[in-house]
Structure formats: structure tokens, C-alpha cells
Amino acid sequence: MAALLPTEWIKNWEKGGKSEFVQLCRALSENKNHDVGFRDIQQALYELAYHVVRGNLKHDQASNVLGDVIEFREDMPSILADVFCILDIETSCLEEKNKRDHFTQLVLACLYLVSDTVLKERLDPETLESLGLIKQSQQFNQKSVKIKTKLFYKQQKFNLLREENEGYAKLIAELGQDLSGNITSDLILENIKSLIGCFNLDPNRVLDIILEVYECRPEYDDFFVPLIESYMYMCEPQTLCHILGFKFKFYQDPSGETPSSLYRVAAVLLQHNLIDLEDLYVHLLPGDNAIIEEHKREIVEAKQIVRKLTMVVLSSEKTEEKEKEKEKEEEKTEKPPDNQKLGLLEALLKIGDWHHAQSIMDQMPPFYSTSHKPIAIALCQLVHVTIEPLYRRVGVPKGAKGSPISSLPNKRAPKQAESFEELRKEVFNMLCYLGPHLSHDPILFAKVVRLGKAFMKEVGTVKRFVSDRVAKFQSDGSKQEDKEKMETLFSCLLSITDQVLLPSLSLMDCNACMSEELWGMFKTFPYQYRYRLYGQWKNETYNSHPLLVKVKAQTIDRAKYIMKRLTKENVKPSGRQIGKLSHSNPTILFDYILSQIQKYDNLITPVVDSLKYLTSLNYDVLAYCIIEALANPEKERMKHDDTTISSWLQSLASFCGAVFRKYPIELAGLLQYVANQLKAGKSFDLLILKEVVQKMAGIEITEEMTMEQLEAMTGGEQLKAEGGYFGQIRNTKKSSQRLKDALLDHDLALPLCLLMAQQRNGVVFQEGGEKHLKLVGKLYDQCHDTLVQFGGFLASNLSTEDYIKRVPSIDVLCNEFHTPHDAAFFLSRPMYAHHISSKYDELKKAEKGNKQQHKVHKYITSCELVMAPVHEAVISLHLPKVWDDISPQFYATFWSLTMYDLAVPHSSYDREVNKLKVQMKAIDDNQEMPPNKKKKEKERCTALQDKLLEEEKKQLEHVQRVLQRLKLEKDNWLLAKSTKNETITKFLQLCIFPRCIFSAIDAVYCAHFVELVHQQKTPNFSTLLCYDRVFSDIIYTVASCTENEASRYGRFLCCMLETVTRWHSDRVIYEKECGNYPGFLTILRATGFDGGNKADQLDYENFRHVVHKWHYKLTKASVHCLETGEYTHIRNILIVLTKILPWYPKVLNLGQALERRVHKICQEEKEKRPDLYALAMGYSGQLKSRKPFMIPENEFHHKDPPARNAVPATVQNGPGGAGMPTSLTINTVRLEEGTTEETADKLKEKSQGVVKVINKTVNATPKVTTSNGNSASNSKIIKEKDDKEKSGKEKDKEKKDKTPAATPEMKALGKDGKDKPKEERANKDEKAREIKEKTPKSDKEKEKVKKEEKASKEEKSKTVVTIIESKSTVEKEREKEPSRERDLAKEMKSKENAKGGEKVPVAGSLKSPVPRSETSESEREQKRRKVDTHSSPSHSSTVKDNLNELKDSSAKHYINHTTPTLSKSKEREVEKKDLDKSRERSREREKKDEKDRKDRKRDHSNSDREVPQDSTKRRKDENGTTGSSKHSKSESPSDSPRLNEKEKEKNKSKSSGKEKGDSIKAEKMEKSSSGSKKESRHDKEKTEKKEKRDSTGGKEEKKHHKSSDKHR
């Protein structure tokens, strides 16, 4: 530090040094900075004194100047004394004595400036002695020690009570006196002060005693708190805290227990801020670290318990160990150490000091403090008090009194909540600290929930109010603020529910009332919020706290126990246990139950039944758990083979349906989930919707419906319910209402429909992707079926208004929503029906006229009103040129009607009514049933019966009205601006095909509609073309179907075949229903001209040929599909075939071919594709059972050459058919028929001249009885049965017996039967047998032989009726009777025939060619050539040419087929002449026949070898079917329709050729089956055309060679 006193000043002291020093001191003393001035003056004085000590300045000079300076500051003497003190110490240490002397002289000189007392304080006793201020330094020292001891070491205040017992006794008396009077704390404080002063009491001890007394008198807060507060002014601030700390320390021994009174005192002092929590907190044990460690340990222990519970215990020893461990744990937890922090916390909560309590809680792990029951209860009590006024105002239920809770006495407690806003600020925070431990106070739980409920009620009204206000004023700040406040409150309420209410419910002990109370609030939340809460509860809450972890484990353990024992028998007791468990922990329980259901689907029924003891909340949680299980991303929705939907999903869906139906569970979430999945392009979960609708609404969708059920489904609602479904699903009214409400409330009805409709194609093009075709089909079917089912539900359950309001118009559906047309009309159809009926009712009310005509007129008017906009709307759905052929009206009519509108299922109504009658009779007969129940049941049945009858009557009236409407509309339906063929194409493409695969009822509807259009004699509609297009080539249609679509398509074909079969079965029916109908015109004239020329109509016999052709086409298509090896083709065709089994196959050879092919499939697929194997086996069995009802081809239709022209040319179906040139088309038609017609034509050539008689007799007398009384048809059935039963060898024998037996008989039936004795016939029998027995033959060959021989005799027969009778009779007799009976039968028949032999001459025999048939043959060839060379570009000309030809040929050969005309008798005469000639020729031929047989055999076999390859190939094409050996009959030479007469003769002795070529034939057949598949359609047509153009003789010869080559 720089010297303040320069040496120059000392040297020139007198001159100027002194004055400079004085000036310096003055300046320093005037310095405003007190400290700096003080230090500088000290230094200046020290330096001056030091110069004196060193001898640089005289002591008197120094004393003089100090005298001048001393006045500058008050404390100058003290500063000077300090300087002397320092110098005293310094000089006493120096060895130079002179310096010490200088110092002593200076002090003496300055004694007048500093008082001696100050110097005595500061200088050393020796110095004082040398200065003469004291006498002896030793005495001075002794005296000072005595004073200090007296001052500091002698006690004057008494700390211990015994030291000053009187004073303390008085103090305690003061504090313990009765304080109820006018005694105040101030008065007592004065007394205490007096006692302290009087008895020298220690003030700290006094404070301690005051606290002790306060502990004992806690009720006097108002006295002691002010007293302590006043007393604290006399103490240091920390004193009180230290005293309390010492008190707590006293109890911190391991065995010590801190009294609650101490906690309370500390709490009150904290509350009044007399001490700081931070200061006190450090004195409390245990430390925070110890608490955190303990919390962690608890969590670990909880997890260990869980692990032990889930562990599989294998031996009893382990369980014993487990029990020991548990006991140890219990011992550990029995003695928790005293936690002073928690004790203080409890006391704070009890007195209502929430602020400090919260601070303590924040220092600890979450929920650690409240996990201690006393604290939780204390906090609950505080919440009770806080919410009291608000609860009393809004929360108390009506009629409940409740017990009001008084508020806390101290004013510093939290403010009581009067409004929800205050509730949020004060109480919600407390509840959050409470967490799951609200479970300790169920009453508070209920109160909180009720407040939540009241709040939600208020929210509802505020929302309505705000929306109204906004609507009126557009802006209202305060209301908007209210809304925001409400939203904040609502989110807080959700948090409380999540963090407090639900976890607390988990810890409560099965309290069903709590669960219901909570549901009261929950049901006011939208399901989205509820489900979020359940999700948090299930997946997060249980991991947040050790207690909850344990509870979860215990619940699962208990659930396992119950589920292991759950059966159908113990549903009730198990259900009660499940109920108990579910009240507290539903999420955990249901999660486990659902996991079990997914594994074991047989648990579904018992589980559903056992859930009846659940609360409403539990049902809602169950819905959430189901959705969560469905949405589980870890689970695969497909089985490993990727072709079927996983069983867990199917089980869950089934459970869904059952549980939602039985219990009142909200559906919105589940439905929305399905909708969301559809939006995401996933259709797996439609399974759930399907099950839910099926179970809840009783609407089944199944492809396995019987025809009876299907018929019932075409009636009214009551009939549907009674007879339409498999299970009689009753009591669906409530559940279907719930489903309807859920759909309407959440606006899901239409979106679900549209999503499903769109998803159908999505399944194929998006979702399908890499998936297996089988699965894609399944998903498509599921999507479609669910749409149909769901649409059906909406149609039957929604009111007209609801439906019309929700479903947009058809053009909007298709164009905006891109709904497929079939689905769009399906959705709109009920709307039209509703609309029309409501309009109709309006018109009826407006104008009261009961006449039927008036009603019909009104109905038609209402239809026009409703459908007119629809007609307009549909125009936009298709291209304009579509409407050239069919009118929008026709299109809309077709799509808007249903089976309900077309026909009344009378038989179904009768069936159900009869069932009810039987039921009533059973009720009457039941003796055990109590009378009341009897009466009720009978009333129910009667009511049902009346309903059904009323419904039937209503439907009948409706159908009549609809038919009247259609009658009026029909003329404008088909415009046919192009061709009828094009019209049919459009009709099939846009109407029939899309709808027939939509649903089973729609399939039936389509078939009925076609029939109806025919019956209505609709202009421009060719029924024949329509049916032909449907049956002609079904391969493409079948191949593109899914499984269920194939089933529906099969139903459609079945119904179409039923109609065709009905017409085919009886001429009378045909004439009545088709005879004079425009649909059966074979010459299609210019549009609008359906002239009444009878010859233009297709006659009955030709129709039978056409039907045979259709059967053949079906066979061809079926075999093709079966041979592709494609999964879809095979499956679909088997499904279709199974469906059409009642009406197809009817022809034996077609049936056999099918049977062989299906048998092959069975063998091939047995190991590869078991599902195809099962289908094929099923069909095979059913086909075999139908075999007895099949008939030979010649009974199905009479085979005559003209049959070729029976089919209109444009009937070709399939690619290329429409646009082919005429010639090609005609040839194709003919040649496609080739093989089928061969059989037919054979028969016709035999009996050309008498076709009319044949038809009449066949149809008029179908049941001519035989000698043993059975019908002719029966003989056929029995024959077939026997065939089936016998082994191969037996069959051979049977056939050998049969055929020769028929041969003589046929001869006997011939005209010259009289001339030929029985012996000759017998000889022929034997010869025939010999020939046959040489080599075993296949069924096919036997049939051919039989037919050839039969045919040769038939040509000699008098009447074809007797031919047919005798043939079938004899066959039957041969099987049933011994040979003698057979002979008798032969005789009888020959006699019969002889009697009537001259009535009808036969056209010719195999031996004698008929001139008439020859001429017709040549004419036909000429015509054919003409047509072939002429090709027309237009369809109409194609049709005309072909049908003109058809007309001409049928006029020549079939004059007798047409209805009687004037020329009938002339024709007969011509016929007779022809027949006479032919008879003569036949006799001559007969004689030569036997001689030439061997030669012919040789020729035959040689000619067979010469056949060129290409003709074989061509023959294969003609066979049409992909080579099944089905058409063996048709393929035989005898079946060829245009054999020349010589070749016919050869056929009789063909057997030898057959013998030689038997084995070769089998090979060839197989080759032909594989070969024909490969040939393209174009090649086929070319070869057919070429073949047709060959000359008659040459061509026929070729055919003969070709077929025989094949047989080899």
C-alpha cells in the first residue's frame, strides 16, 4: 500500500509537513465512503506514530499534531487506541529498546487525547503497567478472569425443571389453566415474561414447554398459535424449528413411535408459516433416497409375485416353498419403520394444509405417499370437504338424503368448490395425487362420478345453447369462452377418469354398484372417448403401480381357474364368478376369455351364457376388448395355406354375433371398426358384420337353402321368418331394433352398403393381389353375401322415410359413388317398392272406389309416378346404343321387381299353415302342458296362422296388380332396332347374367322373369334364342364365378331347365304355353311383324330336338370344365351340376359320360385337392341315385333328319357366334349338334312317315300298362337299377339276354310279323347271342347293338306307340321274369301288333331305302349348298335364311307335326303309298339279311381301316364334348343321321366289326377326348363346313367308316 505520509513531510515537518498532514487528515475524515476513510485515517495515524517510534519525529511534535486532528472524527480516540495497540504488539517483539521507549513516550504524551479505560481495554497489561495506568499487571489479570467467569460461566437462567421447580410449576399452571374465559395470549405472554425474569427461566425451555402443553391441548389452536407467534419475536427465527427438530429426533430410535400430537403441532405451525418446511424436513426420517429405494423394491417384489403366479408349478414341494416365501414376505411387511415424513403429511392433510402436503408429496415417488392407507383416507376426507357444496347442489341423486359434511374449522384450508371451474382448480389436483387409492373411499368415488355425470349434463345444455346462440348471432364472446372452459373441464374429467376412477375401480373389491355408477357417467361420453379410456386402462394403467401389477396377475390367475372349469352344465355358478371378477377388472378378464375363445370355439356358447351377470360398463368394455382383439396386428387373418380365413377370426365373429344379440351392448364402435377396415380396403372383418346381422336380425345368408326355403323367401316377411331360414330365429325384434338404431344414430347404414359394394371389386383387383384364388373368391363371396344380408336387413327394418332419406337415386349411386349396377338396384329396390305402395295408398284414400279395375289403375298410376324419374336416371348408366334394343323402362322394370312381385308361393303358405295346425294339434294332445301355457301357445299359433293367410291374400292382390302393369308396359319393352339376337344379347348381358348371380332368390327371379316375358307375348322377344343363349356355352360364365356365384348360377340354370323340361314333357303343355307364342317363332320377320303364320312356329317334336341339343351342350361344357384341371373350373362346374341335378342329365348316355368324367376327378383329386374330391364324390353319389330316372336318347326325342333345322341359326352362343356369316353359323349349329342328332335322326329315319302319330301317342298315352301292370317308364327305371347293382360280367349277360329278346319282338311288331313264325325269331335270337358272346362288350357297344336291332324291327312296326310299349315291357320282363314268361309276353305282343298291323304303314326298314326320304335328303343337300354359298352380313338375314330353310324342310318332312290343316288327309294318302312300297322292299331285304351278314362283317372291318385321319379328326370335333366317352351311342355308325340304306343294313351285323375293334376303340375314345380339346373353334367350324358340303352318299359313307374306325 502506498505511504500516505511522504518522508519529505517529516523532513520539513515544521515548514509545511505538519500542515500538509492536518490537511490530509481533514480530507480523509470528510470522505463520504465511511469504510475507506476509516482505513485511510488508521493508516495515516499509524505511519505518523511509526516515524515517532523510529525516531524520525519527536513525540511532542506528534502529540501536538494529533491534538489538532482528534476533533475531525468522533471515533478518532478509538482509532488512535487501535494504532497504539498494534504498535504495542510490534514494539514488544522488537529487540531495539529505544524504539520501545519512543513508543512509550508517545503514548504518555497522548494520554490527554485517549481515555485510560480505552487504553486498558486494548493495551497489554505490562504496557499499562509501564505507562503507570495500573499498579500491577498480575493483579489486573486475576481480576479480569474473575469478571469473565462471573459473566460467562455462572448460570443465571434455569434450564431443568428441578433447578427452578417453582418457576416452571407456575409456568405450567399459567399454560394449563382454563382458557375459556377472557384470557388472551397477550396476557399470558406478559405473565410468562415475568416468570422468566423472576425465576431466571431459560426462554428456550419455556418455548419447549409451551409446545408440550399445546400438544396436549390441541383444541386451543386459537390461543396457542398467537402465543407462540408473539413469543417468537423474542427468539431467534430458527429456534422454534430446532426445538421441533430435537423433538422429532428423540423418536427416531428403531423402536420409537412419533406421537400424532407432535405431527399435528408441527403441521399447524407450518400452516401458520411459523416455521419453514425446508428447515423442518431435514430433521425428519427416513431420507428421500431411502424412500425411493423402498419404492423400487416394491415394484420388483410385485413383478416377482406376478412371475410366480404365472409360473407353472410342477410339484408340491415348490408350492410349499412358495408358501414359505409368502410368509416371510408377510413378516417383512408387518413392521414398517416409522416414516415421520408421512406422519407429518397425514397431519397436514387432516388440518387441511394442502399446499405443504403437496410439497411433501412432490418429494416422493408418484402415489408412494397415498399408497399408505391413512394418508389416502386423510386426502379423501379433504376432498369430501372441498366438494361438499357443489355436490349438495348438483350431485345428490333424487330422493337421496345423504349426510352433509361440515367444513374444516381453520380458515387456511382449501376453499370449498361452488362451481365446476373451482372443482377443476382445487379438487382435480388432489384426486390426481390420490390416484388408484381412491378405492379406499367408495363413497367419495361415487360422489366424484356423480359430479362428472352432472357436469356432462351441463355440457350438453351448454352445447345446445351455444349452437343456438351462434346460429342467431354468429358471435358471442362470453358464450364461446364458456364453451372453451367446458372443453378444458371435459378434458380434465377424462384425465381424472383415466388416472383415478378406473385404476381405483380395479383395486375395489367387486363392487357392482360402483361399476353401474361409473357407467352412468360413461354413457354420456361418445364411444371414441370411452374406448380410449378402456385402452389406457387395459394396456397402461396396470403397469403404473405395484399394487395394480399384483391385481392384474391375480385376476388372470383367477380367470384361468374359472375358464378351466367352465362347461355348459355349470354356466350359472361360473357366470357368477366371472361377474364378480369383472366388476373390478373387466379388461384383464375379457382379454383372457377372448384369447381362450379364439383357441377353442366350443367355449363360445357357455361363455356367452355365463356373461349374464355383467354390469353395463362391463358389456361396454367387452365390446372394446372384442374390437381390440379383432384389430390385433400380430395375428394373421389367413391360415398358413393362404386359402381360408383364420379360425380365430371366425370364432371371434361368431362370438360377436351371439354376445351382441343376447346383451344390450352398444354396437357403434364395432360397426365403425368394420367401416374403417373397408375404407382401408380390408374385407376380412366383414365376417363380423355378417355374424352380427345374422344373429341380431335373424337374416341368414346361405347358399345351402332348399327349394322350399327359397320359395318361402319369395313371400312376405312373416313367411320368410317362418319358412325361409334354417334356424327359427325368434325374438329378434329388440336386437334388430338396437342394430337399426346404432346404424342410424351414427349414419353408418348407407356408408357400409356403399363400402361393401365398392369393396367387392376391390377384393379382386386390390386386396386380392398375391392371394390364392380360392381365398379371393371366398372374400368376394363374403363381401357380396354380407352386402345382400345387410341390404335385406335395412330394407325390412328401416321405415320408408328413413330409407328414402338415406339412399340416393340410382344414377347418383352408380355415377358418383361408383356402386356396381346390381348392388345399386339392390339398395334402391325396397325404396321403389315403399314409394309405390305409399303413393298407391295415397291415391286409394283420395278416391274411394273398391272396384278391382280402379285399384289396378291407381296402382299403375303410382308406378308411373315413382318409376318415371328412374327411367330417366338409368339412361346415364349405359351407352346410348344400348337403348336401341331394350327400353329404359324395361331395364328399370326388370331391376326394380322381385320374386314377391311375380308369383305367390301358395305351396309355401300352405306348408307353413299346415305346420301350425299340426303344432296346435300337438299342443292339444300334450297332457303335461299347463292349461295357461296351452292357451298362450294356441293363441300364438292361431295369430301366426291368421297373419300368414292375410299376407298371402295381400301378396296375391299385389301380384295381380303387377301383372296388369306389365301387360300394359310390355309393348314398349324391346325396341329391337338392330336384331332380335342383339336384343337378347343386351338382355342377357345387362339384366339376366348380373342379376342371376346376385342372390339365390334373384337367380329364381331371372328364370321366372324370362318365362314371364315369354308368357306376356312380348313383341321382339325370342324365347327360343334366349334359352339357347343361356344353355349353349356355359364354360365362360361358369369359369368366371366365385363359389357362391356358381351356386346361384346353378340355381338359375336349374329353374330355366325346369321350365324347358316342363314344356318338353308333354305336347299339351307345350302347345298351351308355347304353341302360338311369338317367342317360339322360327322365322324372324321384319321388326314389328310377328305374323300369325303357323308354319313359322317351332313345333313340339323339333322343340324336343332343341332341348336335346341343349342337354348335349351342357354336357360338352361340363366335360370341358372337368378336364381343364383348373381348380375354379372344376369346383364351379361341380357346384352347377349339383344344383341342376333334378333336371339334368335326363339322357342316359350323357349321364354316363358325366359319371365317368366325375369318377376320374374323384381318383385324381383324392390326394391333391380334398375339397374338390369331396365335391366330386358328393355329386357322383347323387348322380348315381338319379340314374334310374334317366332315359335313353330315343325316348328323349325322336331322331329324324329334319331335326337339324329345328334350331335358328343365330342361336349360337359364345365368341364369334353373332358376327359369323350365315353359312358358317348354320353349319356350326348343325354340326355342333352332329353327334347328338345322330341318335335322334336314327329314330326319325326309321319312322319318318308317322311322326305325327308317334308324337300324339307318346304324349297322350305315356303310361300304357304292360303285361305285369307296370308303366313303360318303370321298366326303364328297373332296368337301370339292375344295371347299377350288377357287376360287369352280370351286366354283360344281362345285355346279351336283353337285346336278342327285343329283336324278335320288334320283328313281331313289323307288318310281316304274321308271315314269320316264332321259330325263325328264336333262331335269330340265338344267332345274335352267339355273335355277342364271342367277345365281352362295353356297355356302350351293347347299347349300340341293342339300338341297331331295335331300329331294324321298329321300321316294320305298325305303330310307334306299340313299339315303345313292347320294347320297354319286354326289357322289363326279361329282367324280372323267367324265359317262359318272356316267350308268353312275346306271343301276346306279336298278336296285338298283328291285329293292328295294317293301320299305319311303316316308312321303311333298314333294308329298303325309302324314296321319300331320299328325295328329302337331296333337297336338303341342295338347300344347304345354297345357304353355304350365300353369306349375309346382317344378323336378320342370317336368321331369315336359316329359318326359311328350317320352315321348308319341316314342311316337307314334318307336315304332320304342325297343327291340323286342310291338306292333312292328302298327306296321309301319300304317306300310305310310300309305306306300302317300303314294306315290300323290307321283306326282300329281310330274307337276304342273314346270308350276307358274314360278308358285311369283313367289308366293315376293311372299310374301317381305310378311313383317312382327317375324317377321324373331324368326327372328333363333331362329338363336341372334350372327348368323354359319354356320347358313345351317338358316335356309333347306327346313330349317324344320314346313313345310306346299304350302310344301314350293315349295321345289323356290325357286331363282328365291334368284336375286332373293341380294344382299339377304347384307346381311340381316349385319344379323341384329348384331341378335341386342342382344336380351335375356327378349325372345327371349317372342317364341319367342308364335311357338310360333301355329297350325301359319299359323306355318309365317310361318316360310317370314320365312326367304326373310332370303335376299333
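Quick look at the structure, then. Quick caveat: nothing in here was measured; it's all calculated off a predicted structure.

## Comments concerning a positive patch on the surface
So, point 1. Together, R558, K564, R565 and K580 make up a positively charged patch on the protein surface.
So, point 2. Relative to the helices and strands, K564 resides in helix α27 (residues 546-565).
So, point 3. For K564, a relative accessible area of 67% gives the class exposed.

## Some thoughts on the packing of aromatic side chains
For any two aromatic rings, the description comes down to two numbers: the centre-to-centre distance and the angle of the planes.
So, point 1. Applying the stated criterion to the full structure yields 48 aromatic pairs.
So, point 2. Among the aromatic residues, ring-to-ring pairing joins F825, W883, F890, Y891, F894, W895, W973, F987, Y1005, F1009 and F1021 into one connected group.
So, point 3. Of note, K1017 hangs over the ring of Y1077, and the distance from its end group to the ring centre comes to 4.7 Å.

## A short note on helix α39 (residues 773-797)
So, point 1. Here α39 contains 25 residues, and its C-alpha end-to-end distance of 36 Å stays within 8% of the 36 Å for a straight helix at 1.5 Å per residue.
So, point 2. Most of α39 is tucked away: 19 of the 25 residues are buried.

## Some details on the side chain of E912
So, point 1. For E912, the location among the structural elements is in helix α46 (residues 906-925).
So, point 2. A relative accessible area of 5% means that E912 is categorised as buried.
So, point 3. When neighbours within four sequence positions are excluded, E912 is seen to be in contact with L719, E722, G723 and L948.

## Observations concerning the packing of helix α21 (residues 373-395) against helix α22 (residues 420-434)
So, point 1. It is at 10 Å that the axes of α21 and α22 come closest, and there the two elements cross at 155 degrees. Here α21 is positioned roughly antiparallel relative to α22, judged by the angle of their axes. Seen from above, α21 lies across α22 with left-handed handedness. Here A376, L379, C380, L382, V383, T386, I387, L390 and V394 of α21 lie close against α22, whose contacting residues are F420, L423, E426, V427, M430, L431, Y433 and L434.
So, point 2. Along the lines of polarity and charge, the residues of the contact of α21 with α22 split into 15 nonpolar, one polar and one charged.

## Looking at the packing of helix α44 (residues 888-896) against helix α48 (residues 980-996)
So, point 1. Remark: α44 packs on α48, axes separated minimally by 11 Å, with the N-to-C direction vectors making an angle of 5 degrees. The angle between α44 and α48 falls in the class roughly parallel. On α48, the residues that touch F890, Y891, F894 and W895 of α44 are F987, L990, C991, I992, P994 and R995.
So, point 2. Looking at the contact of α44 with α48 residue by residue, the classes come out as nine nonpolar, no polar and one charged.

## A look at a nonpolar patch on the surface
So, point 1. A cluster of nonpolar side chains, I147, L151, F152 and Y153, forms an exposed patch at the surface whose accessible area comes to about 540 Å².
So, point 2. Mapped onto the elements of the fold, Y153 is located in helix α9 (residues 137-153).
So, point 3. The exposed category is assigned to Y153, whose relative accessible area is 69%.

## Overview of the side chain of E1073
So, point 1. Here E1073 is to be found in helix α53 (residues 1067-1075).
So, point 2. Among the residues examined, E1073 registers a relative accessible area of 18% and is labelled buried.
So, point 3. Filtering out sequence-adjacent residues up to four positions away, E1073 remains in contact with H1014, R1062 and W1063.

## Considerations on the pattern of salt bridges
Two side chains of opposite charge can pair, provided their charged atoms sit close to one another.
So, point 1. Taken as a whole and judged by the stated rule, the model has 50 salt bridges.
So, point 2. The partner of E346 in a salt bridge is K350, and the shortest N-O contact between them spans 2.9 Å. Of this pair, E346 and K350 both sit in helix α19 (residues 340-351), four residues apart, which is roughly one turn of that helix.
So, point 3. Exposure remark for E346: the relative accessible area of 21% places this residue in the partly exposed category.
So, point 4. One salt bridge in this structure joins K938 and D924, with 3.0 Å as the shortest N-O distance. A residue pair is termed long-range when its members are at least 10 positions apart, and K938 in helix α47 (residues 931-969) and D924 in helix α46 qualify at 14 residues.

## Section: the nonpolar core
So, point 1. Formed by 317 residues in total, the largest nonpolar core has its most connected members in L344, F655, L752 and F1052.
So, point 2. In this structure, F655 is in contact with L594, I597, I604, V607, V608, L611, L622 and I626, ignoring residues within four places of it in sequence.
So, point 3. Core analysis: the next-biggest nonpolar cluster, separate from the first, contains 41 residues, I10, L28, V52 and F103 among them.

## Some remarks on α53
So, point 1. Taken as a whole, α53 has its buried residues at R1067, Y1070, E1073, C1074 and G1075.
So, point 2. One side-chain oxygen of the residue at the start of α53 lies 3.1 Å from the amide nitrogen of V1068, identifying that residue as D1066.

Quick notes on the rules
Residues numbered from 1 in each chain as written. Predicted model: local features only at pLDDT ≥ 70, side-chain atom pairs only at ≥ 80, totals over all residues. Heavy atoms only, no water. Patch = residues over 30% accessible without salt bridge, like charges linked within 9 Å, V, L, I, M, F, W, Y side chains within 5 Å. Areas by Shrake-Rupley, 256 points an atom, 1.4 Å probe, with all protein chains shown as cover. Salt bridge = Lys/Arg side-chain N within 4 Å of Asp/Glu carboxyl O. Lys, Arg positive; Asp, Glu negative; His and termini not counted. Charge placed at Lys NZ, Arg CZ, Asp CG, Glu CD. Helix = DSSP H or I, 4+ residues; strand = E, 2+ residues; numbered from the N terminus. Buried < 20%, exposed > 50% of the residue type's maximum accessible area, 1.4 Å probe, protein only. Phe/Tyr/Trp six-rings, centres within 6.5 Å; stacked < 30°, edge-to-face > 60°. Lys NZ or Arg CZ within 6 Å of the ring centre and 35° of its normal. Expected span 1.5 Å × (residues − 1). Contact = heavy atoms within 4.5 Å. Axes fitted to C-alpha atoms, helices over the stretch in contact; angles between N-to-C directions. Parallel < 35°, antiparallel > 145°, perpendicular 65-115°, else oblique. Left-handed = near helix turned anticlockwise from the far one by under 90°. Nonpolar A, V, L, I, M, F, W, Y, C, P; charged D, E, K, R; others polar. Core = buried A, V, L, I, M, F, W, Y, C linked by side-chain atoms within 4.5 Å. Polar contact = N/O pair within 3.5 Å; in protein donor to acceptor, adjacent residues only side chain to side chain.

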